[in-house]
Amino acid sequence: MLRAKQMSRLLIAASRDQMQAVIRELYRQHICHIEDFVEDGDGEGFRIGMPLADADEISSKLIKIRAIKNTFGLSSEDLPVELKRSARDLRALVDQDLPAIQEDVEALVGRRQKLEAALREHEQRIKELTPFTAVPIDLGMYRGYAGFSVFTGRIAGDVEISAPHERFFSDTVPSNFIAVITPNDYREEVEKDLLEARFQAVPVPDEEGSAQSCIETHAGEAARIREELALIQSRITEMKTRYSEFLAACDELLTSEVEQAEVPLRFATSDESFLIEGWVLADKVAGVRESLDAVTGGRVFVTELEVTETARVPVEYDNPSFAQPSELLMDTYSRPKYDELDPTAVLAIIFPVFFGIILGDAGYGLILLAASWGLGRFITSDAAGRLLTVLRNASISSIIFGMLYSEVLGFALPWEPIIFSRHLNIGAHATGHGPEITGLLILAVWIGIAQISLGRVLNAINHHHHHEVRGVAAQLGWLAAMWGILILLWSMAPIPYMPDLTGMAPVVAGLNGGGVAGALICLAGIAGIACESALELVELPTIISHTMSYTRLVAVGLSSVAIAMVVNYIAIGMLIGPQLEHFSALGIVLIIMGVLVFILGHALNTALGLLGGGLHSIRLQYVEFFTKFYKGGGIKFNPFGIKSKFLED
Amino acid sequence: MVDPVMTLTTVEMVEASQIGMKSLAAALAVVGTGVAAAFAEYGIGSAAVGATAENKDVFGLVLLLTVIPETIVIFGLVVALLMLF
């Protein structure tokens, strides 16, 4: 807790004939984060390694499998595992069965593409022919005249044409249809008349016979193609159910083989030997050494290197189980560095508390708790699961604070608020003493002071860890400046729920003893900050602004209470209540409206509460808390290998 | 000669108008800071979405930058609350 897991830096060296055995063992163990070898001038004869001999062949097989999986729309993550296969059996099957499956799939997909193209062609033809069904003329009759011009197309309505012509107009098809035949001499006049009537030409389809019979032929063809497509689709589905697990297992096997075949690209190699530099959890070093010795028959050299200050150590969280879901929130910001404090556990406690202080309503808390539980039953992904656990904790905290504030969906619980009241006087007949705004705001400021002080102390510990005296002095300076300002304020004006120092005798320039002490502490603090860097002094106003920022805990919460109470007042006080007293037909409609307002209003407020409570609590951590001590930018510990799902170990 | 009923009504009117002024002042505090926060976040937010599209890793950082101006509206809200209660 508060620190990442201890890492050891390993150097593994062996002769090249042991390379495959070493790679396979490291892959199987899945515990070594390999560091890429970078070639520089003085590599003492070492170069970046070459992939193992069969890497190309395995890669091309893998591409085929992924192509088939794509056709089937398969995702390995969603597949349940029925039986684990052994890698050796599967490897034999890959060579034996895969080409046949691939051939079948390719044939089916090719046929499907051809049929789909043909289907589109027929559908297009039917579309082109449809307007011509309005006129009882064979399609052949529209073409092949030397002395006549034919116009066919859509038009808004029937049109008067002055030149000699013959025309057919029909409004039985969508956007009407018109066919006009005229001697070539009058062609331009007719065209002009037609265009004025907003005529849109439709070319005559290149077919013979009546339009209706052509359409029937095409429709028949299209139906036949659809049947065949359905057949092909059912065969693809059948193949998918039959082979999905086999394909997922092959994918896993070949992915692991490709990774193993290509990992020498990250090694340093010479003609005879190879070197691997990597990171292993400190308590696993002995195990790695023993297992590598076993698989190579002792022909491997494993040694632990010193961890230097500049080393980029990968970071693996070391948190108690209650804090693990919050690692997601940490990764969203940035993973901690290896040598700094990891605030995940603090975040895991404070985030739900802040959420509860903001939302603080037993009703909304229960809704969100039910939502997190309900969604958790459908969602299998790891990240979403963690997020839901965080939400669950936050909703429980919200229920607890709801009981303390005595709030459920904006109504009061049957007891008086145990801590500060947030009940607003909303509505014409509202009575009560109203919310205790001052108390709440000062509570929020106290929380801010406490968290900012904690942040500064954590930063001082970080600096102490690196033996940086000036850094420690600066952090103590920030603490002194903040508390100095506070003492100064207490000596100047009485503030409720805060110490009152106004009663002390005045000493100098209107300041009393407390005021002088506060000013001195503050000045000493400023000197401490300047000790590290004078530029930091421009940040001094953040002492006030960051502390004040915590008042959002109250402000955002009160706005949510206000919305809830307004919804209740409109739904019950204005719509439902009066109608229940004097029943009428119109009253029932108003009651239904009231119920709708109640449900929609509270649904909206639940969503707003989730957003407001979640975003503002996390923002207080990221902006106000983390900026005091946390840098982040650590590398994720990513050990070589994968967790096998479909294969036996 | 001062009419006592008239005086009472005038006092009531002044009180009511003071409550109204207070509410207006509170509304102004929230409106002004709300517009300011929205305007500040508008620029940062659009840049943040662009940056996230380029590189997903900066999401945490840009979320932080986007919410920084929100403090403005919170101050407005706090001032309004202090005025009203």
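Residues numbered from 1 in each chain as written. Chains lettered and ligands numbered in written order. Predicted model: local features only at pLDDT ≥ 70, side-chain atom pairs only at ≥ 80, totals over all residues. Heavy atoms only, no water.

> I'd like a description of the domain arrangement of chain A, backed by residues and values.
Its domain assignment divides chain A into domain 1 (7-73 + 253-313), domain 2 (321-419 + 551-628) and domain 3 (440-549). Spacing between the C-alpha centres of domain 1 of chain A and domain 3 of chain A amounts to 52 Å. (Domains from an automatic or database assignment.)

> Hey, could you go over the sheet that holds strand β6 (residues 177-183) of chain A for me, with residue numbers and the actual values?
Residues and elements named next belong to chain A. Spatial ordering of the open sheet is given by β5-β6-β4-β7, a layout of four strands whose pairing is antiparallel. Of all strands in the sheet, those with a lone pairing partner are β5 (166-170) and β7 (200-201), marking the two edges. Strand direction decides the pairing type here: strand β4 (residues 148-154) and β7, joined by two bridges, are antiparallel. Bridged to Arg154 within β7 is Gln200. (Pairing = 2+ DSSP bridges. Helix = DSSP H or I, 4+ residues; strand = E, 2+ residues; numbered from the N terminus.)

> Residue-level account of the interface of chain A and chain B, with values.
Chain A puts 19 residues into the contact, and the matching count from chain B is 15 residues. Carbon and sulfur atoms supply 81% of the area that chain A and chain B bury against each other, a total of about 1500 Å² over both sides. Where chain A touches chain B, the interface holds four residue pairs in polar contact (both at pLDDT 80 or more). Looking at the side of chain A that touches chain B, the elements with two or more residues in it are α7 (327-333), α11 (437-465), α14 (542-549), α15 (552-581) and α16 (585-625) of chain A. (Contact = heavy atoms within 4.5 Å. Buried area = accessible area lost by both parts, 1.4 Å probe. Polar contact = N/O pair within 3.5 Å; in protein donor to acceptor, adjacent residues only side chain to side chain.)

> Before we move on, can you summarise the nonpolar core with the specific residues and values?
All names here are of chain A. Ranked by size, the top nonpolar core spans 58 residues in total, and within it Phe354, Tyr550, Leu553, Tyr622 and Phe626 carry the most contacts. Top contributing element to this core by residue count: α11, with 10 residues. Counting contributing residues per domain, this core is built from domain 2 (321-419 + 551-628) and domain 3 (440-549), each supplying no fewer than three. With 33 residues, the next largest nonpolar core counts Leu79, Leu108, Ala249 and Leu254 among its residues. (Core = buried A, V, L, I, M, F, W, Y, C linked by side-chain atoms within 4.5 Å. Buried < 20%, exposed > 50% of the residue type's maximum accessible area, 1.4 Å probe, protein only.)

> So what about the packing of aromatic side chains? Which residues, and what values?
The description of an aromatic ring pair rests on the distance of the ring centres and on the angle between the ring planes. All names here are of chain A. This structure, assessed with the given rule, holds 21 aromatic pairs over all chains. Summarising the aromatic geometry, the rings of Tyr333 and Tyr622 are spaced 4.9 Å apart at their centres and angled 40 degrees between planes, so their arrangement reads as tilted. Taken together, the residues Tyr333 in helix α7 and Tyr622 in helix α16 connect sequence positions 289 residues apart. Grouping residues by exposure puts Tyr333 and Tyr622 together as buried. (Phe/Tyr/Trp six-rings, centres within 6.5 Å; stacked < 30°, edge-to-face > 60°.)

> Requested: an account of the environment of Ile642(A), with residues and values cited.
Counting through the fold element by element, Ile642(A) comes out in the segment after β16 (635-636). For the pair Ile642(A) and Leu281(A), spaced 361 residues apart in sequence, the C-alpha separation works out to 17 Å.

> Break down the pattern of salt bridges for me, citing the residues and quoting the values.
Residue and element names in this part refer to chain A. Considering all chains together, one arrives at 24 salt bridges over all chains under this definition. Ionic pairing is found between Arg266 and Asp36, a salt bridge with its closest N-O pair at 2.7 Å. Here Arg266, found in the loop between α5 (211-262) and β8 (268-269), pairs with Asp36, found in the loop between β2 (33-35) and β3 (47-48); they are 230 residues apart in sequence, far enough to count as distant. Arg167 is the partner of Glu160 in a salt bridge, and the nearest nitrogen-oxygen pair spans 3.8 Å. The network of salt bridges with shared partners includes Arg111, Glu221, Arg224 and Glu228. (Salt bridge = Lys/Arg side-chain N within 4 Å of Asp/Glu carboxyl O.)

> An account of a negative patch on the surface is requested, with residue identities and associated values reported.
Residue and element names in this part refer to chain A. On the surface, Glu309, Glu468, Glu532, Glu536 and Glu539 cluster together into a negatively charged patch. Residue position: Glu539 is located in the loop between α13 (513-532) and α14. When its relative accessible area of 41% is taken as the criterion, Glu539 is described as partly exposed. (Patch = residues over 30% accessible without salt bridge, like charges linked within 9 Å, V, L, I, M, F, W, Y side chains within 5 Å. Areas by Shrake-Rupley, 256 points an atom, 1.4 Å probe, with all protein chains shown as cover. Lys, Arg positive; Asp, Glu negative; His and termini not counted. Charge placed at Lys NZ, Arg CZ, Asp CG, Glu CD.)

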